[in-house]
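Below are the chains, spelled out letter by letter.
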Amino acid sequence: MSAQNQQQDSSGPPKGIGPMQRREMWLAYLMLAPTFAIILIIVAGPLLANFWISVKPVQLADLRPPTVLVNERVRGKPAAAGDSAEIQYRLRNSSQDAEVRNVVLTDEVPEGFNVTALPEDCAMSGRDLTCTIGTVDPGWRERLKLEGTVTDAFLAANRPERASKPVIEGDADNILTNFDFSLENFRRIFSADEFWSVLRVTFYYTIFGTGGALVLGLFAAQLLHTTFVGRGVVRGLFLFPYVSPVIAVAFTWVVLFDPFSGTVNALLTKMGVVADPINFFGQRAIEYSLFGIPMEFPLALTTVIAFEAWRYFPLSFLFILARMQSINTDMYEAAEMDGATPLQQFWYLSLPQLMGILSVLFLLRFIWTFNKFDDIFLLTGGNAGTRTLTVDVYEQGFALSNLGAGAAVAVVVFVVLVTFATLFIRFSPKEEGL
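Rules and cut-offs
- Residues numbered from 1 in each chain as written.
- Predicted model: local features only at pLDDT ≥ 70, side-chain atom pairs only at ≥ 80, totals over all residues.
- Heavy atoms only, no water.
- Helix = DSSP H or I, 4+ residues; strand = E, 2+ residues; numbered from the N terminus.
- Rg over C-alpha atoms; globule rule 2.2 N^0.38 Å.
- Buried < 20%, exposed > 50% of the residue type's maximum accessible area, 1.4 Å probe, protein only.
- Contact = heavy atoms within 4.5 Å.
- Areas by Shrake-Rupley, 256 points an atom, 1.4 Å probe, with all protein chains shown as cover.
- Lys, Arg positive; Asp, Glu negative; His and termini not counted.
- Charge placed at Lys NZ, Arg CZ, Asp CG, Glu CD.
- Core = buried A, V, L, I, M, F, W, Y, C linked by side-chain atoms within 4.5 Å.
- Pairing = 2+ DSSP bridges.
- Axes fitted to C-alpha atoms, helices over the stretch in contact; angles between N-to-C directions.
- Salt bridge = Lys/Arg side-chain N within 4 Å of Asp/Glu carboxyl O.
- Parallel < 35°, antiparallel > 145°, perpendicular 65-115°, else oblique.
- Nonpolar A, V, L, I, M, F, W, Y, C, P; charged D, E, K, R; others polar.
- Patch = residues over 30% accessible without salt bridge, like charges linked within 9 Å, V, L, I, M, F, W, Y side chains within 5 Å.
- Polar contact = N/O pair within 3.5 Å; in protein donor to acceptor, adjacent residues only side chain to side chain.

Draft legend 1. Layout of the overall build of the chain. Scanning the chain from terminus to terminus reveals 15 helices and ten strands. For 434 residues, the compact-globule formula gives about 22 Å, and the C-alpha radius of gyration of the chain, at 35 Å, lies well above that figure. Once the C-alpha set of the chain is aligned to its principal axes, its extents read approximately 115 × 95 × 50 Å. Here the chain holds 434 residues, and 35% of them are scored as buried. Relative to all contacts within the chain whose residues are 6 or more apart in sequence, the contacts with residues 24 or more apart total 72%. Split by element, the accessible area of the chain, about 26,200 Å² in all, is 62% carbon and sulfur. Side-chain charges in the chain split into 32 positive and 41 negative, and the spacing between the mean points of these groups amounts to 3 Å.

Draft legend 2. Structural context of the nonpolar core. Counting residues in each nonpolar core, the largest one holds 21 residues, and the members touching the most others are Val68, Tyr89, Leu91, Phe113 and Leu144. Only strand 2 (84–93), strand 3 (100–108), strand 6 (128–136) and strand 7 (141–150) provide two or more residues apiece to this core. For Tyr89, the contacting residues outside a window of four places in its chain are Val70, Asn71, Glu72, Leu105, Asp107, Leu129, Glu142, Arg143, Leu144, Leu146 and Pro166. The next biggest cluster of nonpolar side chains, apart from the first, holds 20 residues, and it includes Leu218, Phe317, Tyr332 and Leu354.

Draft legend 3. Just the sheet that holds strand 7, in detail. What the four strands build is an open sheet, ordered 1-2-7-4; its pairing is antiparallel. The open sheet is flanked by strand 1 (68–75) and strand 4 (113–117), the only strands paired with a single partner. Pairwise comparison of adjacent strand axes, ignoring direction, gives a mean angle of 30° for this sheet. The sheet contact formed by strand 4 and strand 7 spans four bridges and is antiparallel. Considered in strand 7, the bridge of Phe113 is made with Val150.

Draft legend 4. Representation of the pattern of salt bridges. Under the defined criterion, the tally for this structure stands at ten salt bridges. Across the salt bridge formed by Arg127 and Glu108, the nearest N and O atoms sit 2.7 Å from each other. Of this pair, Arg127 sits in the loop between strand 5 (122–125) and strand 6 while Glu108 sits in strand 3, and the two are 19 residues apart along the sequence. A salt bridge links Asp392 to Arg387; its shortest N-O distance comes to 2.3 Å. Residues Asp392 and Arg387 agree in their burial class; the two are buried. Beyond isolated ion pairs, a larger network of salt bridges with shared partners links Glu194, Arg387, Asp392 and Glu395.

Draft legend 5. Molecular detail of the packing of helix 4 (residues 184–191) against helix 15 (residues 403–427). Axis separation between helix 4 and helix 15 bottoms out at 9 Å; the angle between their running directions is 70°. Judged on the interaxial angle alone, helix 15 and helix 4 are roughly perpendicular. Residue-level contacts link Asn185, Phe186, Ile189 and Phe190 of helix 4 to Gly404, Ala405, Ala408, Val409, Val411 and Val412 of helix 15. Split by residue class, the contact of helix 4 with helix 15 holds eight nonpolar, two polar and no charged.

Draft legend 6. The arrangement of the sheet that holds strand 8 (residues 167–171) in detail. In spatial order, the strands read 5-6-3-8; together these four strands make up an open sheet with antiparallel pairing. The open sheet is flanked by strand 5 and strand 8, the only strands paired with a single partner. Neighbouring strand axes in the sheet, compared pairwise and without regard to direction, differ in orientation by 20° on average.

Draft legend 7. Local environment of a nonpolar patch on the surface. Residues Ile286, Tyr288, Leu290, Phe291, Ile293, Met295 and Phe297 make up a contiguous nonpolar surface patch of about 690 Å² in total accessible area. Mapped onto the fold, Leu290 is located in strand 9 (residues 286–290). With relative accessibility at 39%, the residue Leu290 sits in the partly exposed group.

Draft legend 8. A look at the side chain of Ser164. With respect to the element layout, Ser164 can be found in the loop between helix 3 (152–156) and strand 8. Side chain to side chain, Ser164 and Asp107 meet in a polar contact 3.0 Å long.

Draft legend 9. Representation of the pairing of strand 6. Alignment of strand 3 against strand 6, held across seven bridges, turns out to be antiparallel. Bridge pairing in strand 6 links Val104 to Thr132. Hairpin connection, strand 5 to strand 6: the antiparallel pair is bridged by two residues, and Gly126 has positive phi, about 70°.

This is the structure:
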């Protein structure tokens, strides 16, 4: 029996990868290596740079390493050959915190300028000037003066001091390239009460903005899945919010909801719905009482969420409609013959078939909305309780010039999204039959 089994095993297909297949595999990897390298540089490069900056106390001014700046000018008003003049080099350390070592200034003295007196740290070789300054302290300033007389060649030239540009050399520590790391940026943002409030607002904005876009897209797809005259035109109009420039639609919403001259407030007050105009984008919350419990309704944030859902529902609408058109209509006909109502058909037939595309759309829209910056910045600037993590990245990095803290907040955004995407893909619902 064992011999028969061995004969069957020997007559079966070969297992593993043969030498020819292995060579072809490595050849394919070699041909794809440049593409992998380019993608790695484009994707991983900025990401690694952001992680690197997040563990350094980097300010906006630290993007340029400390150096000595120089400005060359001619002092005096020589009018004839033999008159006295002075060439000044104004020097200063660009950094208020770091020193610059081994500073050396080199320049070519303008033709027609005869040097009669040099600073003690400077030397001349022909018309070549060399000044060995050494180490300069943070915030250092100095003036080097070359005294001399001029000739007709100097007077005939237009701005002769600009014929040669002075060159400064020096060594300084660059905070961006050294290997000193610190978690101070993360400690600072996590210890601030404002961060947790911003994180809560970000999740609120993302979840409801994403859910609103999906619900509106599902409703629009269900509505336009039926046949009627002019359906193509209506489908095209439904794409208007998504294809329009964001600055145009954001400005339109700001004008419509303006508390002084907005159309929405004018209609509400004329109809007697409200007594006074409402500042939809400027009022943080509306206080109300529910069963005697005082509560607040986040007005500005809710208005921004409504804009988010309105602007991005066409994307969900297109994907859902395409999936609905691929569903076999036979089961709908059978369900209708069995007396199923339209709501029952949607709940028990359509929705299970749409769970896959809805899951993908929710994941994509969650990631995009969580990273959204331009909508909130154009509508409210992050004020009135609408400040999200992406707005916080901008304010930390550019408004406060603290690039390290801004990069740390960006790392938090990355970690949150990677964690959410991993868990969502692991536990997301699938379409029936998959």
